[in-house]
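What follows is the residue order along each chain.
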Amino acid sequence: MNNKIKKFTNKKNKSKIVCLTAYSKNIAEIIDNHVDAVLVGDSLGSVLYNYNTTRKVSLKTMLEHTKSVRMGVKKSLLIIDLPHNTYRNKSEALRNSKKAIVETKCDAVKIEGGSRIKEIVHHLVKNKIPVLGHIGITPQTVKGKFKSKGKSEVEKKRLIQDAKALEQNGAFAVVLECIHSDVSKIITNEIKIPTIGIGASRFCDGQVLVTDDILGLTDVKIKFIKKYANLKKVINSAVSKFKQDVKQKKYPTKKYSY
Ligand code: KIV
């Protein structure tokens, strides 16, 4: 396990782990000062490209955005989400993970699934690819509406099994998405690797959210999303002032001219 990953996983039971998404250098540079990990999530499919599913996101797109983010990330762990059709079997997963790490210089890959993908996780880890797991709602395979997980006993048992399968096969941490609080609590207590929650309660070892959501750049209204700023308002105001200045010939003045 490399030092950056060790530092990240050592936080379990010591201090909460903070993660956010970034899709480009400028935002990455800002959040890098505050977080433990920056995730180039395939949520960029809906946030930036208006796709109705993350399944439409290509590896090429993920690589380009991760290269941009890499330029802004100096200290945090940088993780890339692998698109659904890039890890359908062990050799495909290894080939694409290596490509992602070599081309973008990211530190780890994130793949979705629990017991179903345990052999793939095992193969990647055996080949020195750090893997972040992702269970609960897994947007790459979700059918129909997004519904929280872990309400029924069957689901609860499966989620706990999934988390344990990821741990046993070498994942360094696991994202728990939209999982009922009591189940997240059990998983967090029963596995030694950190749990990173998104809509999965305060019991997780850390939290991740989509940066565009917390900054108020998107219009999504989901129970677990807390907005910390209204950047849409800030940008609107700046753009409107610029427009006014141009129209009223107040910009550019001498100060801004050669
Ligand atoms: O794609 C994404 O941004 C994610 C999250 C965990 C936020 O998978």
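Refer to the structure presented above.
Here the residue numbers are simple positions, counted from 1 along each chain's written sequence. Local features in this predicted model are restricted to residues whose pLDDT is 70 or higher, and side-chain atom pairs enter the listing and the counts only when it is 80 or higher, whereas totals over whole chains, interfaces and linings include all residues. Excluding hydrogens and water, the side-chain values take into account all heavy atoms of the structure.

## Some words on the site of the ligand
Line of reasoning, step 1. Residues in close proximity to the ligand include Thr21, Leu39, Gly41, Asp42, Ser43, Asp81, Lys110, His134, Ile198, Val208 and Val210, which together make up its full environment.
Line of reasoning, step 2. As used in this structure description, the phrase polar contact means that two N or O atoms lie within 3.5 Å; if the pair is within protein, one of them must be able to donate a hydrogen and the other to accept it, and residues adjacent in sequence are counted only when both atoms belong to side chains. At a separation of 3.2 Å, an oxygen atom of the ligand approaches a polar backbone atom of Asp42.
Line of reasoning, step 3. Within the side chain of Asp81, a nitrogen or oxygen atom sits 3.1 Å from an oxygen atom of the ligand.
Line of reasoning, step 4. The fraction of the free accessible surface of the ligand (250 Å²) that becomes covered by protein chains is 96%.
Line of reasoning, step 5. Under the scheme applied here, ten amino acids are nonpolar (Ala, Val, Leu, Ile, Met, Phe, Trp, Tyr, Cys and Pro), four are charged (Asp, Glu, Lys and Arg), and all others, including Gly, are polar. For the shell around the ligand, the residue count by class is four nonpolar, four polar and three charged. In this text, near means that some heavy atom of the residue lies within 4 Å of the molecule or strand in question. What sets the accessible areas is the Shrake-Rupley method with a 1.4 Å probe; for residues, cover comes only from the shown protein chains.

## Brief notes about the pairing of strand S6 (residues 173-177)
Line of reasoning, step 1. Partly exposed describes any residue whose relative accessible area lies between the buried limit of under 20% and the exposed limit of over 50%, with all areas from a 1.4 Å probe on protein chains only and scaled to the type maximum. Helix and strand labels come from DSSP, where a helix needs a run of H or I of at least four residues and a strand needs a run of E of at least two; each type is numbered from the N terminus. Burial within S6 is extensive, with five of its five residues counted as buried.
Line of reasoning, step 2. Of the two faces of S6, the one carrying Ala173, Val175 and Glu177 and the one carrying Val174 and Leu176 are both buried.
Line of reasoning, step 3. By definition, the crossover connecting two strands over a helix is right-handed if that path, from the first strand to the second, turns clockwise as seen with the strands pointing away from the viewer. One crossover worth recording links strand S5 (residues 131-136) to the parallel S6 by way of helix H7 (residues 153-168), and it is right-handed.
Line of reasoning, step 4. At least two bridges found by DSSP between two strands is the condition for calling them paired. Two elements, S6 and strand S7 (residues 195-198), share four bridges in a ladder whose sense is parallel. Within S7, the residue paired with Leu176 across the bridge is Gly197.
Line of reasoning, step 5. In this fold, the crossover linking S6 to S7 by way of helix H8 (residues 181-190) has right-handed handedness.

## Some words on the environment of Asp81
Line of reasoning, step 1. Mapping Asp81 onto the fold places it in strand S3 (residues 77-81).
Line of reasoning, step 2. Overall, Asp81 belongs to the buried group, its relative accessible area being 2%.
Line of reasoning, step 3. Residues count as neighbours in contact if any of their non-hydrogen atoms are within 4.5 Å of one another. Sequence-distant contacts of Asp81, that is, excluding residues within four places in its chain, are made with Leu39, Val40, Gly41, Asp42, Met62 and Lys110.
Line of reasoning, step 4. A distance of 2.8 Å separates a polar side-chain atom of Asp81 from the backbone nitrogen of Asp42.

## Some details on the packing of helix H4 (residues 59-72) against helix H5 (residues 90-104)
Line of reasoning, step 1. Helix axes are fitted to C-alpha atoms over the stretch in contact, other axes to C-alpha atoms as well, and angles between N-to-C directions run from 0 to 180 degrees. Packing of H4 against H5 brings their axes to within 9 Å, and their N-to-C directions diverge by 35°. As for how H4 packs across H5, the hand of that crossing is right-handed. Contacts from Leu59, Leu63, Thr66, Lys67 and Arg70 in H4 reach Asn96, Lys99, Ala100, Glu103 and Thr104 in H5.
Line of reasoning, step 2. In terms of residue class, the contact of H4 with H5 is made up of three nonpolar, three polar and four charged. For any pair of crossing helices, the crossing counts as left-handed if the nearer helix is rotated counterclockwise from the farther one by less than a right angle, and right-handed if it is rotated clockwise.

Treat this as a map of the structure, not an account of what it does.
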